[in-house]
Amino acid sequence: QKSHFSRPFGGPGGGEGPAHKALKLAIAKNPALLGEEGLELVMVEYSFATGDRIDVLLRDRFGRMVAVEVEGECDEYEVAGPLQCMKYRALTAYLFNRNVQEVRSILAAPKIHKNIIEKLQGYEVESRIVGPI
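Criteria and thresholds
- Residues numbered from 1 in each chain as written.
- Predicted model: local features only at pLDDT ≥ 70, side-chain atom pairs only at ≥ 80, totals over all residues.
- Heavy atoms only, no water.
- Salt bridge = Lys/Arg side-chain N within 4 Å of Asp/Glu carboxyl O.
- Helix = DSSP H or I, 4+ residues; strand = E, 2+ residues; numbered from the N terminus.
- Buried < 20%, exposed > 50% of the residue type's maximum accessible area, 1.4 Å probe, protein only.
- Pairing = 2+ DSSP bridges.
- Axes fitted to C-alpha atoms, helices over the stretch in contact; angles between N-to-C directions.

Enquirer: Mind laying out the pattern of salt bridges, listing which residues take part and the relevant values?
Expert: Once the charged atoms of two side chains with opposite charge are near each other, the side chains can pair. For the structure on display, the rule yields 11 salt bridges. Two residues, Arg53 and Glu45, come together in a salt bridge whose shortest N-O distance is 3.9 Å. Residue Arg104 pairs with Asp60 through a salt bridge whose shortest N-O separation is 3.0 Å. Of this pair, Arg104 sits in strand S4 (residues 103–109) while Asp60 is found in the loop between strand S2 (53–59) and strand S3 (65–70), placing the two residues 44 residues apart along the sequence. A single network of salt bridges, built from pairs that share partners, joins Glu36, Asp60, Arg64, Arg104, Glu126 and Arg128.

Enquirer: An account of unusual backbone geometry is requested, with residue identities and associated values reported.
Expert: Of note in the backbone geometry, Glu45 takes a positive phi value of approximately 55° without being a glycine. Taking relative accessible area as the criterion, Glu45 reaches 30% and is therefore assigned partly exposed. A positive phi is found at Asn97, a non-glycine position, where the angle reads about 55°. Structurally, Asn97 is set in the loop between helix H2 (80–95) and S4.

Enquirer: So what's going on with the sheet that holds S4? Which residues, and what values?
Expert: Taken in spatial order, the 5 strands line up as S1-S2-S3-S4-S5 in an open sheet, and their pairing is mixed. Two strands close off the open sheet at either side, each with one partner strand: strand S1 (40–47) and strand S5 (126–129). For this sheet the average axis-to-axis angle between neighbouring strands, irrespective of direction, equals 30°. Pairing between S2 and S3: 4 bridges, direction antiparallel.

If you want it as structure tokens, here you go:
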């Protein structure tokens, strides 16, 4: 039986594949792909002093910052994307001097397993099925 513990932790990232890059750029160009009107681009690949980097940083129609983490298909054992979403929400709140409740985080991918979607809700992280582009 597979579990999230069977996934490697740490170490260098696998880099950005063409599908990931295409989806990230498509969302940046047209944030409405996330199924919501009034989203506007702040920056693509917003970098923090920690070395972390949000794929797409948006602002919603209420002025809240929205950190978007783009992933490939998220199976039921996916941990990296959800953890990044939680981290980016807190980092964005701190850097922009906002309460965490004033910042949103979205995991966007062509496929997200229903268990991941349900678990994310408990941590106030949104999910969007987007793509492939």
